[in-house]
Amino acid sequence: MTDLLTSDSLLVGDAAALRALPGTGAGLRAVVMTMGALHEGHATLIREARRIAGEDGQVVVTVFVNPLQFGPGEDLDRYPRTLEADLALARQAGADAVFAPSVAEVYPGGEPEVRVTAGAMGERLEGAHRPGHFDGVLTVVAKLLHLTAPDVALFGQKDAQQLALIRRMVRDLNFPVEIVGVPTVREGDNMALSSRNRYLSVADRASALELSRALLTGKAAAALGPAAVRRAARVVLDAAATAEPPVVLDYLALVDPADFTEAADDHTGEAILAVAARVGTTRLIDNMPVTFGTEERS
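Cut-offs and rules
- Residues numbered from 1 in each chain as written.
- Predicted model: local features only at pLDDT ≥ 70, side-chain atom pairs only at ≥ 80, totals over all residues.
- Heavy atoms only, no water.
- Helix = DSSP H or I, 4+ residues; strand = E, 2+ residues; numbered from the N terminus.
- Buried < 20%, exposed > 50% of the residue type's maximum accessible area, 1.4 Å probe, protein only.
- Lys, Arg positive; Asp, Glu negative; His and termini not counted.
- Salt bridge = Lys/Arg side-chain N within 4 Å of Asp/Glu carboxyl O.
- Contact = heavy atoms within 4.5 Å.
- UniProt positions renumbered as here; feature names shortened; annotations may be inferred.
- Pairing = 2+ DSSP bridges.
- Right-handed = clockwise from strand over helix to strand, strands pointing away.
- Axes fitted to C-alpha atoms, helices over the stretch in contact; angles between N-to-C directions.
- Parallel < 35°, antiparallel > 145°, perpendicular 65-115°, else oblique.
- Left-handed = near helix turned anticlockwise from the far one by under 90°.
- Nonpolar A, V, L, I, M, F, W, Y, C, P; charged D, E, K, R; others polar.

Along the chain, aspartate 204 turns up in helix H9 (residues 202–220). It turns out aspartate 204 is buried and unbridged, and the closest side chain with the opposite charge, arginine 78, is 8.6 Å from it. Apart from the residues lying within four places of it in its own chain, the contact partners of aspartate 204 are Tyr199, Pro245, Val279 and Gly280.

Right, let's talk about the pattern of salt bridges for a bit. Tallied over the full model, the rule gives 16 salt bridges. In this structure, the salt-bridge partner of arginine 186 is aspartate 286, at a minimum N-O distance of 2.8 Å. On the criterion of sequence distance, the pair formed by arginine 186 in the loop between strand S6 (178–182) and H9 and aspartate 286 in strand S9 (residues 282–292) is long-range, its members being 100 residues apart. On the basis of relative accessible area, arginine 186 is assigned to the partly exposed category, the value being 23%.

So, on to the UniProt feature "binding site: beta-alanine" (unreviewed entry) in the protein. Residues annotated by UniProt as "binding site: beta-alanine" (unreviewed entry) correspond here to Gln69. Beyond its immediate stretch of four places on either side in the chain, glutamine 69 contacts Met35, Glu74, Arg130, His133, Gly136, Val137 and Val140.

This next bit is on the pairing of strand S3 (residues 58–63). For S3, the buried fraction is high: six of the six residues fall into the buried class. Along S3, one buried face is formed by Gln58, Val60 and Thr62 and the opposite face, lined by Val59, Val61 and Val63, is buried too. Taken together, the six bridges between strand S2 (residues 29–34) and S3 define a ladder with parallel strand orientation. Across the sheet, the residue bridging to valine 32 is valine 61, located in S3. Judged from the three bridges that link them, S3 and strand S4 (residues 97–99) form a sheet pairing that is parallel. Its bridge partner lying in S4, valine 60 is registered against alanine 97.

This next bit is on the pairing of S2. Taking burial as the measure, the six residues of S2 include six buried ones, the bulk of the element. In S2, alternate side chains face the same way, and those of Arg29, Val31 and Met33 on one face and Ala30, Val32 and Thr34 on the other are all buried. Crossover connection from S2 via helix H3 (residues 40–53) to parallel S3: handedness right-handed. Relative to strand S5 (residues 152–156), S2 runs parallel, the two being bridged by three bridges. Bridge pairing links alanine 30 to valine 152 in S5.

Further remarks concern the packing of helix H7 (residues 133–148) against helix H8 (residues 160–172). Where H7 contacts H8, the axes come no closer than 10 Å and their chain directions differ by 55°. When the axis of H7 is compared with that of H8, the two are oblique. Considering the relative orientation of H7 and H8, their crossing is right-handed. The segment H7 lies against H8, with Phe134, Val137, Leu138, Val141, Ala142 and Leu145 engaging Gln161, Gln162, Leu165, Ile166, Met169 and Val170. For the contact of H7 with H8, a count of residues per class yields 10 nonpolar, two polar and no charged.

Written as structure tokens, this is what we have:
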């Protein structure tokens with residue numbers, strides 16, 4: 001494991017310095033891409049990256065708030081930027097370096113004219129509510145894959161549609177990297193960890209808990225089939241719409257993980273129950289895997 005013990009030595013600001021890190025090329029390089037404001041969910045990703053890379057490998061965490069994936073009126077300016085705390089968490093979790101480039105380093109000519117297009121899957125669910133979002137995500141992921149040159153890149157399953165699109169991009173465009181999905185980390189009350197949770201007031205958080213409760217309630221109905229899962233989750237969310245503050249639903253969907261189209265009522269195998277909603281001024285997403293099969297329905 002590369003001996004990088006202080007904040008200054010952990011932090012890398014440009015690709016040339018990243019390529020010059022001690023130990024580069026000695027073993028597997030595992031990369032965890034983030035927008036900063038790191039929490040235990042990110043720490044879980046970093047620890048898994050450390051396990052995969054091994055003691056002879058290298059773990060790089062990227063911290064970059066990507067302007068391309070924020071639409072008009074979204075929270076680019078207020079998105080939390082906590083680099084010193086991020087460095088401390090990354091070090092403790094086992095990172096060898098934190099690559100925190102400037103916007104000019106990632107986009108040296110300004111916003112790129114040539115971008116990765118997410119295609120039809122990128123226009124569903126999150127893409128329908130945030131037009132162009134996934135084009136921005138895939139463009140920056142592609143650039144960071146080139147800049148960091150990893151053998152393995154790890155992403156959280158909380159952003160399930162993003163993970164599916166990154167896997168599709170890597171496959172379709174022949175990126176020489178393995179993509180690893182890591183299960184969502186939840187707090188004791190089942191709320192999915194998110195950098196945006198810090199925006200929630202006490203009252204907001206009480207309402208926001210209805211998102212994970214809806215997913216768990218829906219998942220518990222899996223033995224009765226997809227239609228029952230949707231109905232059960234919807235009952236919880238309909239009640240949450242009258243809470244104070246209310247849960248304002250963007251979407252609830254049960255989708256095929258292969259392409260994020262709605263799962264048919266006779267769907268068997270894996271599916272994803274996904275939800276997005278606003279509580280106060282904060283938009284939250286969450287999802288849970290659901291499995292359907294003949295044994296569960298009998």
